[in-house]
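Below, each chain spelled out in residue letters.
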Amino acid sequence: EGSPAAFIVNPGTYTAAESADNNYTIGNYTPGDTVTIGSSGQAAINITNIQRKAVIIVNKNVFAPDGITDIQDNHSFFVNIGNETQLFNEASPAFFILNPGTYTAVELNDSNYTLLGYSPNDTITLGTGGFANITITNKKNKLESSVITQVSKPNVIAGYEVVDVN
């Protein structure tokens, strides 16, 4: 993808070596890194580089229904980045290894929790070899419960009403 380098050389054997670039790893030299050139000869060496991936780690934090108290919660959630969805929770973050670019984390809705937000943001732009953390914070919803109590009348015994005759 870059511009080719051309050299005028005397006949002989030559070895190609590329300077290191922190954004890439050297994949391979084709046909190899060494060529032998005769008089009036030509040779080509193609160098293939592999762009380093970016990493996004998505962490979870859960608060009690009051929205203030930080609690330990082992409930698992789903988060989507790009075309990949992963399961994660407070003890086990989600790891995404991606090509450099701009990505948005989207947590799938869970009716037992309310999404409070993304920190630092839900959208991250990463370059080659980039790294970012996103923390998604939720509040645990109050569980609605009802208690059924049976009230007995003081003057009822097994289906009979006791009547005071005085």
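One structure accompanies this document, and this report is about it.

Rules behind the numbers
Residues numbered from 1 in each chain as written. Predicted model: local features only at pLDDT ≥ 70, side-chain atom pairs only at ≥ 80, totals over all residues. Heavy atoms only, no water. Salt bridge = Lys/Arg side-chain N within 4 Å of Asp/Glu carboxyl O. Helix = DSSP H or I, 4+ residues; strand = E, 2+ residues; numbered from the N terminus. Buried < 20%, exposed > 50% of the residue type's maximum accessible area, 1.4 Å probe, protein only. Core = buried A, V, L, I, M, F, W, Y, C linked by side-chain atoms within 4.5 Å. Contact = heavy atoms within 4.5 Å. Polar contact = N/O pair within 3.5 Å; in protein donor to acceptor, adjacent residues only side chain to side chain.

A closer look at the pattern of salt bridges
Here's step 1: Applying the stated criterion across every chain, the model contains 2 salt bridges.
Here's step 2: We note a salt bridge from Lys60 to Glu107, for which the minimum N-O separation is 2.5 Å. Of the two residues, Lys60 sits in strand E5 (residues 54–63) while Glu107 sits in strand E10 (residues 101–107), which places them 47 residues apart along the sequence. Considered together, Lys60 and Glu107 belong to a single accessibility category, that of buried residues.
Here's step 3: We note a salt bridge from Asp73 to Lys140, for which the minimum N-O separation is 3.7 Å. One end of the pair, Asp73, is in the loop between strand E6 (70–71) and strand E7 (77–81); the other, Lys140, is in strand E13 (residues 131–140), and 67 residues separate them in sequence.
Here's step 4: The exposure class of Asp73 is buried, given its relative accessible area of 9%.

Concerning the nonpolar core
Here's step 1: By size, the foremost hydrophobic cluster in this structure holds 19 residues, and its most contacted members are Ile56, Val58, Val79, Ile81, Phe88 and Phe96.
Here's step 2: Contributions of two or more residues to this core are made by E5, E7, strand E9 (94–98), E10, strand E12 (123–126) and E13.
Here's step 3: When residues of this core are assigned to their parent elements, the largest contribution, 4 residues, is made by E5.
Here's step 4: When near neighbours in sequence (up to four residues on either side) are disregarded, Val79 contacts Val58, Glu84, Thr85, Gln86, Phe88, Ala94, Phe96, Ala105, Val106, Glu107 and Ile136.

What to know about the environment of Pro11
Here's step 1: Within the secondary structure layout, Pro11 lies in the segment before strand E1 (12–15).
Here's step 2: With 31 residues separating them along the chain, Pro11 and Gln42 place their C-alpha atoms 9.6 Å apart.

What about the side chain of Gln86?
Here's step 1: Mapped onto the secondary structure, Gln86 falls in strand E8 (residues 84–88).
Here's step 2: In this structure Gln86 comes out as buried when scored by relative accessible area, which is 17%.
Here's step 3: Within polar-contact distance, the side chain of Gln86 engages the backbone oxygen of Phe95 at 2.6 Å.
Here's step 4: Excluding anything up to four places from it in sequence, Gln86 contacts Phe77, Phe78, Val79, Ala94, Phe95 and Phe96.

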